[in-house]
Amino acid sequence: MKNLIQIQIKRYSLLVLMCFGVASIQFSNAAEKLHRLDVNKKNPGGKDLIMTFEETKREGDISTVKVTMTSGASVASAMFIMQGVYDIAKIRKMDYLIKLSEKEEDDGSWTHNFGFANDSKVDPQKHFKLKDPLPDDDGFKFMAVKDLDMIFKGQK
């Protein structure tokens, strides 16, 4: 009888520990914070840079971001977007990033999907389970995060 009670206690203890483990994994995933950048820089004699970069979804190796631009020159706005994607790659601890899609929304904002990998030799079509082929354009090729370190490392 004593052995039966000890076995039952061990079973219940294991069940409780498993429940706490599952709960803590779910909590840590739910608490994962999505990335956001805002800029409002005045540029006397030129265009002010007023933009928002907001990661709206992080699923597997893909992040969906919404970019809203109120004002900004083309190079400055492109660099602002790259800063945001670079930050997400660093948060994810990934070595490469790639633009998978972009779409202008009705409100004038842009939605982008970016993929992240630790190997630039993977086939993006298979790795990211894409339905449509990527355009044959340099804007849709893997970029090394270490190459972007020269520009963005230490900036905020």
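Residues numbered from 1 in each chain as written. Predicted model: local features only at pLDDT ≥ 70, side-chain atom pairs only at ≥ 80, totals over all residues. Heavy atoms only, no water.

Peer 1: Requested: an account of the confidence of the model for the protein, with residues and values cited.
Peer 2: Residues of the protein with pLDDT of at least 70 account for 79%, and the chain-wide mean is 83. In the model, residues 6-30 has pLDDT below 50 throughout and makes 0 contacts with residues more than four positions away in sequence or in other chains. (pLDDT = per-residue confidence, 0-100. Contact = heavy atoms within 4.5 Å.)

Peer 1: Can you explain the pattern of salt bridges? Please cite residues and give values.
Peer 2: Counting across every chain of the model gives 9 salt bridges. The salt bridge involving R36 is made with D38; its shortest N-O contact spans 3.0 Å. Residues K99 and E102 are paired through a salt bridge, measuring 3.1 Å at the closest nitrogen-oxygen approach. What makes K99 buried here is its relative accessible area of 18%. The network of salt bridges with shared partners includes R36, D38 and E54. (Salt bridge = Lys/Arg side-chain N within 4 Å of Asp/Glu carboxyl O. Buried < 20%, exposed > 50% of the residue type's maximum accessible area, 1.4 Å probe, protein only.)

Peer 1: I'd love a proper account of the packing of helix 2 (residues 74-92) against helix 4 (residues 145-152), names of residues and values included.
Peer 2: Closest axis-to-axis distance for the helix 2/helix 4 pair is 11 Å, and the angle between their directions is 125°. Overall, the two elements helix 2 and helix 4 adopt an arrangement that is oblique. Helix-helix and strand crossings are classified by hand; for helix 2 and helix 4 the assignment is left-handed. Contacts between helix 2 and helix 4 involve M79, M82, Q83, Y86, A89 and K90 from the former and V145, L148, D149, I151 and F152 from the latter. When its residues are assigned to classes, the contact of helix 2 with helix 4 shows 8 nonpolar, 1 polar and 2 charged. (Axes fitted to C-alpha atoms, helices over the stretch in contact; angles between N-to-C directions. Helix = DSSP H or I, 4+ residues; strand = E, 2+ residues; numbered from the N terminus. Parallel < 35°, antiparallel > 145°, perpendicular 65-115°, else oblique. Left-handed = near helix turned anticlockwise from the far one by under 90°. Nonpolar A, V, L, I, M, F, W, Y, C, P; charged D, E, K, R; others polar.)

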